[in-house]
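Coordinate inspection notes
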Amino acid sequence: MSAAGTLVRPTPLAARRITGVGLATACGVAVAVQSRINGELGVRLADGIAAAVVSFGVGLLVLLALVPATPRGRRGLAALRGALAAGTLRPWQCLGGVCGAFLVATQGLTIGTLGVAVFTVAVVAGQSGSSLAVDRAGLGPTGRQPVTPRRLAGAVLTVVAVVLAVGDRLGDPGALALALLPLLAGVGIAWQQAVNGRVSRAAGSALTATLVNFAVGTLALLAVFAVDVAVRGRPAGGLPAEPWLYVGGPIGVVFIAVAAAIVRFTGVLLLGLATIAGQVVGAVAVDLILPTAASHPGPTTLLGAALTLVAVLIAAKR
């Protein structure tokens, strides 16, 4: 309300940023569900790399059917080729899918042992600091974003919150060593979101950017899987029959498409923090509803999850 008692409507940019934060938070919840699905698939196949190939491959098949079938998708592919030919988009900016592939691979490799909540804290620790650096360097479609005290406080508070959320597990040296993989994956997420946003802007289509992401990620995973098979042999487990184990890829499609579409309104840091809030809340919910031997969230976990939401609200106010 203003001093005159009239309702002050948010500016269009502020309204888009608020909407973007809400969408990113919902996507974060979906990523937590995806983590459990891909982690279970990795356990069933007895091979985390094979699980990642299946997850990314299913997502790529969905996109190969969807993008060319829509006028916007076809225009996006043509615009993407034009941007690459003109040099307004560099080839290295199309490699965000490598980071996404690494994240999905770590889901299959570590969640069976760590649980979704501990996996999430490792990703968050890498993502928060990396988002600040990516925004400061101007790698995203919004260009350079200042590291204001609020944004810095939001990032620091997010790390504190997730450490509190899973602090009872961080005393396990084995868990800490295994958590290095999702930590590195978290570092890559911010860069992935930044360059995918640039691809989306160049193509004029978030779905086209998502197709590029999944194509690059699938190729990277197939190369790693070929080496894995050559060294260790084929996966010991067969493909499971349950359909729900194959929806991790489509969930990833939605997440990447939404992130590529909204990063130009939120910036990389705010997008990352909102996603983190959703991931932590979703991870706690998943571990409570579908507990495993590696997951046992307690009161401090719930407190940490609530604190991440406070951190996002702090960072959202510029």
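Reference entry: report on the structure contained in this document.

Thresholds, definitions, all that
- Residues numbered from 1 in each chain as written.
- Predicted model: local features only at pLDDT ≥ 70, side-chain atom pairs only at ≥ 80, totals over all residues.
- Heavy atoms only, no water.
- Helix = DSSP H or I, 4+ residues; strand = E, 2+ residues; numbered from the N terminus.
- Contact = heavy atoms within 4.5 Å.
- Areas by Shrake-Rupley, 256 points an atom, 1.4 Å probe, with all protein chains shown as cover.
- Patch = residues over 30% accessible without salt bridge, like charges linked within 9 Å, V, L, I, M, F, W, Y side chains within 5 Å.
- Salt bridge = Lys/Arg side-chain N within 4 Å of Asp/Glu carboxyl O.
- Lys, Arg positive; Asp, Glu negative; His and termini not counted.
- Charge placed at Lys NZ, Arg CZ, Asp CG, Glu CD.
- Buried < 20%, exposed > 50% of the residue type's maximum accessible area, 1.4 Å probe, protein only.
- Expected span 1.5 Å × (residues − 1).
- Bend = angle between axes of the 7 residues up to and from the residue.
- Polar contact = N/O pair within 3.5 Å; in protein donor to acceptor, adjacent residues only side chain to side chain.
- 1 Å grid on protein atoms, 1.4 Å probe; cavity = no way out; pocket = protein on both sides within 12 Å on 5 of 7 lines; lining within 4 Å.
- Points joined across faces, edges and corners; volume = space filled by probe spheres on them.
- Nonpolar A, V, L, I, M, F, W, Y, C, P; charged D, E, K, R; others polar.

On to the overall build of the protein. Looking only at helices and strands, the protein features eleven helices and zero strands. Walking the protein from its N terminus toward its C terminus, one meets helices and strands in the order α-α-α-α-α-α-α-α-α-α-α. Of the contacts formed within the protein by residues at least 6 apart in sequence, a portion of 85% connects residues at least 24 apart. Just so you have it, the protein exposes about 13,500 Å², and 72% of that area is on carbon and sulfur atoms.

On the surface, a cluster of positive charge is made up of R16, R72, R74, R75 and R264. The element best represented in the positive patch is helix α3 (residues 71–86), accounting for three residues. Mapped onto the elements, R72 comes out in helix α3. Judged by relative accessible area, R72 falls into the exposed class, the value being 53%.

Next up on the list: a nonpolar patch on the surface. Together, W92, L95 and V98 line one region of the surface with nonpolar side chains, adding up to about 260 Å² of accessible area. Structurally, the position occupied by V98 is in helix α4 (residues 96–114).

Before going further, it helps to spend a moment on α4. For α4, built from 19 residues, the straight-helix expectation of 27 Å at 1.5 Å per residue is met to within 8% by its first-to-last C-alpha distance of 26 Å. By the largest-angle criterion, G108 marks the main kink of α4, which is about 35°. In the stretch just after α4, G115 is the one whose phi turns positive, near 85°.

Tracing the backbone through its elements, the reader meets T275 in helix α10 (residues 248–289). At a separation of 2.7 Å, a polar atom in the side chain of T275 contacts the main-chain carbonyl oxygen of L271. Excluding residues within four positions of it along the chain, T275 makes contact with A24, G28, Q193 and F255.

For the structure shown, the criterion picks out three cavities of 30 Å³ or more. Forming the boundary of the largest cavity are 16 residues, of which Q34, V104, G252, F255 and I256 lie nearest the centre. Elements with a contribution of two residues or more to the lining of the largest cavity: α1 (12–45), α2 (48–66), α4, α8 (180–203), α9 (206–232) and α10. Here the lining of the largest cavity gets five residues from one element, more than from any other, and that element is α10. Residue classes in the lining of the largest cavity are distributed as eight nonpolar, eight polar and no charged.

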